[in-house]
Amino acid sequence: DNIYATAPDHVSDWVGTISPRIAIQSNWDRNSLYAEAATDLTGYWSHPHENSADWHVLAEGQIDVTDKTHILLGAIALKSHEDRASPDAVEGFEPTPYNEEDGYLGVAHRFGEFTLRVGGSIEHITFGNVLGANGEINNEDRDRYRYTFGALLRYEANPKLRPFVEVMGDLRRYVTIPDDFGFNRNSDGFLAGVGALYALTPKLSGEVFLGVLHRNYVDPSFKSLTEPAADATLRWQASGRTAVVLFTERSIEETTLYGSPGYIYTLAGGRIEQRLTDRLTGIVRAAYAHSDFAQVGRNDNDVDTSVGLRYRLTRRLTLGIDYRYTQRVSGSSLVDFTRNQVFFRIGAEF
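Now for a quick tour of the structure.

Scoring rules and cut-offs
Residue positions within a chain follow its written sequence, with the count starting from 1. Since the coordinates come from a predicted model, pLDDT governs what is reported: local features require at least 70, and pairs of side-chain atoms require 80 or more to be given and counted, while whole-chain, interface and lining totals use all residues. Hydrogens and water are ignored here; the side-chain numbers use all heavy atoms of the structure. Under the scheme used here, helices are H or I runs from DSSP no shorter than 4 residues and strands are E runs no shorter than 2 residues, and both carry numbers assigned from the N terminus. Every residue pair with non-hydrogen atoms within 4.5 Å of one another is taken to be in contact. Two aromatic rings, drawn from Phe, Tyr or Trp (for Trp, its six-membered ring), form a pair once their centres lie within 6.5 Å of each other, and the interplanar angle then sorts them: stacked below 30 degrees, edge-to-face above 60, tilted otherwise. The buried label goes to any residue with under 20% of its type's maximum accessible area, the exposed label to any with over 50%, and the partly exposed label to all in between, with areas taken from a 1.4 Å probe on protein chains only. Two conditions define a charge located above a ring, namely a distance within 6 Å from the ring centre to NZ of Lys or CZ of Arg, and an angle within 35 degrees of the ring normal. Note on patches: the residues involved have over 30% relative accessible area and no salt bridge, like charges join within 9 Å, and the nonpolar side chains Val, Leu, Ile, Met, Phe, Trp and Tyr join within 5 Å. Only the protein chains shown count as cover for residues, and the accessible areas themselves come from Shrake-Rupley with a 1.4 Å probe. The salt bridge criterion pairs a side-chain nitrogen of Lys or Arg with a carboxyl oxygen of Asp or Glu, the two atoms within 4 Å. By this definition, two strands are paired if DSSP reports at least two bridges between them. For our purposes a nonpolar core is just a set of buried Ala, Val, Leu, Ile, Met, Phe, Trp, Tyr and Cys residues, chained together by side-chain atoms within 4.5 Å.

So, about the environment of glycine 132. In this structure, glycine 132 sits in strand β8 (residues 130-132). Placed 63 residues apart in sequence, glycine 132 and threonine 69 show a C-alpha to C-alpha distance of 53 Å. Filtering out sequence-adjacent residues up to four positions away, glycine 132 remains in contact with Gly92, Phe93 and Ile137.

Overall, the coordinates contain 11 aromatic pairs when judged by the stated rule. Aromatic side chains tyrosine 98 and phenylalanine 127 sit 5.8 Å apart centroid to centroid with 45° between the ring planes, which places their arrangement in the tilted category. On the criterion of sequence distance, the pair formed by tyrosine 98 in strand β6 (residues 97-111) and phenylalanine 127 in strand β7 (residues 114-127) is long-range, its members being 29 residues apart. For the residue pair tyrosine 98 and phenylalanine 127, the accessibility class agrees, reading buried in each case. Here the aromatic rings of tyrosine 145 and tyrosine 147 are separated by 6.2 Å at their centres, their planes lie at 10°, and the arrangement is stacked. Taking the relative accessible area as the measure of exposure, tyrosine 147 reaches 32% and is therefore partly exposed. Feature note: the residues Phe181, Phe183, Tyr217, Phe222 and Tyr258 constitute an aromatic cluster, connected by ring pairs. Directly above the aromatic system of phenylalanine 127 lies the positively charged group of arginine 142, at a separation of 4.0 Å from the ring centroid.

There is a patch of nonpolar side chains on the surface, built from Trp14, Trp45, Ile272, Leu276, Val284, Val307, Leu309, Ile321, Tyr323, Val342 and Phe344 and spanning about 1,200 Å² of accessible area. Looking at the nonpolar patch, the elements that each hand over two or more residues are β18 (298-312), β19 (317-330) and β20 (337-348). Along the chain, isoleucine 272 falls in strand β16 (residues 263-275). By relative accessible area, which is 41% here, isoleucine 272 ends up partly exposed.

Alignment of strand β13 (residues 204-217) against strand β14 (residues 225-236), held across 12 bridges, turns out to be antiparallel. Bridge pairing links glycine 211 to alanine 229 in β14. Pairing of β14 with strand β15 (residues 242-253) involves five bridges; the strand directions are antiparallel. Bridge assignment links tryptophan 236 to a residue of β15, and that residue is valine 244.

Moving on, we get to the pattern of salt bridges. On inspection of all chains with the given rule, the structure shows 25 salt bridges. Where arginine 21 meets glutamate 36, a salt bridge forms, and the shortest distance between an N and an O atom there is 3.1 Å. Taken together, the positions of arginine 21 in strand β2 (residues 21-25) and glutamate 36 in strand β3 (residues 32-44) put the pair 15 residues apart, joining distant regions of the chain. Assessed through its relative accessible area of 55%, arginine 21 is described here as exposed. A salt bridge links arginine 298 to aspartate 300; the shortest N-O distance between them is 2.8 Å. Aspartate 300 matches arginine 298 in its accessibility class, with the two residues each being buried.

The next thing to look at is the nonpolar core. The biggest cluster of nonpolar side chains holds 13 residues, and the ones touching the most others in it are Leu191, Phe209, Leu213, Tyr217, Leu225, Ala229 and Ile252. Contributions of two or more residues to this core are made by β13 and β14. A total of three residues in this core trace back to one element, the largest contributor, which is β13. In contact with phenylalanine 209, other than residues within four places in its own chain, are Phe164, Glu166, Leu191, Ala192, Gly193, Val194, Gly195, Ala229, Ala230 and Asp231.

Here it is, written out as C-alpha cells:
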C-alpha cells in the first residue's frame, strides 16, 4: 500500500516477481565447489518505471591441501537496486541501480587443538545515475572499494564450546573525492573481540561475539567512531515441529547524508517456524533496527514484522501466503513511513 515508503500520499500497486535460480554442488571426496546463478524480475502493474531486473552469479570452493590445511576462495557479481525505504534513497523517478563485485581468499589450518583462519576480501560497488525533479542525480560519488583482511584463532578441544579471538581490518576508498557535498568519505577501521561457537545440546546451538568497532575518517570535519560490537545467533529446535532462531548484530555503515560520516546500525530479531501439519508450516518473524547517524542527531527506528504459511502441495511444489508490516519512526519526520504488503507465493524445485 506504499511503494514509495513515504509518510503522506501512500501509493499502492500490484507487483509480480519471478525468481529462477540454478545451482550446482560437487560431491567429490576431496575439495569442493558450489556455484549458482539467479535473477529477480519484478514488474509493477500501474507504475512500470519501478520495474527492476536484478541478478547474481557466484562461485565458491575449497581446496584441501592436506587434512589440516584448506584454501577457501570465492567470487560474486550482482546487479540490484536500492529499496525505496533505504535511508540513502535519493528519490529519483526510478529506483537507484547498483552493481557489485566481491572476491575473497583465505586459508584455514588446524594445529593441535587450535584452528587458525586468515584471509582477505575485496568489494567494489558502483551506483547508477537516475533522473530526479531537478534533473539527473549524480551517484558516481558513492562508488567505492572496500578491502577487508583479518585472522581468527579458535580453540577446538570441546565441541560444545569453541571460544575464539578475531581481529579484522577494514579500508573503504571512494572513487570520487570529494563527493558532491565536498566531503572526503575515505576511512580506515577495525573490529576486534572474542567469541564462541556453542552447541550446548543437540537442539541448542549458535554463536556469540563481543568486541569493539572503530572507524577513522580522512575528512577533518568527521569525528572518529568507536562503538561496542555485539553479534549473536541462537538456533533452538524446541521440538520436532518447532524451530526458533534469534539474532543480533552491530556495524558501522556508509551514508550519503549531509554532515554525517556514517551510522551505527544495530539489529535484533527472530523467527519461529511451526509445523502445523505434515504439509503446512507457519512462520512468524520480527526484527527491530536502530540507525544512529553520527554528528547530525538523526536516529531511525525500523520495525519489520511478518506472518505467513507454507503449504507443500507435492514434494517439489510449495504454495505460500504472507503478510508483512514495516514502519520507520525517525528523528527526521520526512522519512517516517508505514507499509503493508501481502504476498502470494508459489515455488518449484527440479
